[in-house]
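As a plain string of letters, each chain reads:
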Amino acid sequence: MKSENSYSLSTLTKIKLISDELRKLPEVEEVMDPINAKVFKYLFGMLVVKQSFPAGQIPGSPEEIAKLKDEMLSEPTLRNVVVSENGEYLALYLKMKERRENRRG
């Protein structure tokens, strides 16, 4: 998704709404978006896993949006998954449920 400002409140709100609707589909196992993406950090020799934005909520201020953008661009595991290399595009990552065929023997 690209817009004039990918990190605007309106764009992030649209991404969250689309993401929430996709989660409801029975074929979808997981949806990762820029707001709920997992970030991995080493802290005092331990691996810490957290959401890119606390509680998966849309940032409410320009400062929080700037923090989200910085985090997206500084996290190598998110680049080219939910954010483009240059940070201009945001994306959703969908993991679909495994489809099982009914087979009769």
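Residues numbered from 1 in each chain as written. Predicted model: local features only at pLDDT ≥ 70, side-chain atom pairs only at ≥ 80, totals over all residues. Heavy atoms only, no water.

**Overview of the overall build of the protein**
The helix and strand tally for the protein stands at two helices and four strands. Listed by position from the N terminus, the elements making up the protein come as α-β-β-β-α-β. For the protein, buried positions account for 30% of its 105 residues. Of the accessible surface of the protein, which amounts to about 7400 Å², a share of 54% is contributed by carbon and sulfur atoms. (Helix = DSSP H or I, 4+ residues; strand = E, 2+ residues; numbered from the N terminus. Buried < 20%, exposed > 50% of the residue type's maximum accessible area, 1.4 Å probe, protein only. Areas by Shrake-Rupley, 256 points an atom, 1.4 Å probe, with all protein chains shown as cover.)

**Some thoughts on the nonpolar core**
Tyr7, Leu12, Met72, Leu78, Val82, Val83 and Leu90 are the most contacted members of the largest nonpolar core, which totals 14 residues. Counting only elements with at least two residues in this core, the list comes to α1 (9–23) and α2 (62–74). In terms of residue count, the dominant contributor to this core is α2 (three residues). (Core = buried A, V, L, I, M, F, W, Y, C linked by side-chain atoms within 4.5 Å.)

**Quick look at α1**
In a regular helix each residue adds 1.5 Å, so 15 residues correspond to 21 Å; α1 covers 21 Å between its end C-alpha atoms and thus fits that length. Residues Thr11, Leu12, Ile15, Lys16 and Ser19 constitute the buried set of α1. Considered in projection along α1, the buried side chains sweep an arc of 135 degrees and stay on one side of the axis. Turned more than 90 degrees away from the buried face of α1, the exposed residues are Lys14 and Leu17. Looking at the buried residues of α1, the elements they touch are β1 (28–32) and α2. (Expected span 1.5 Å × (residues − 1). Arc of directions from axis to C-beta. Contact = heavy atoms within 4.5 Å.)

**Regarding the environment of Tyr89**
Its place among the elements puts Tyr89 in the loop between α2 and β4 (93–96). Of the residues examined, Tyr89 reaches a relative accessible area of 39% and is grouped as partly exposed.

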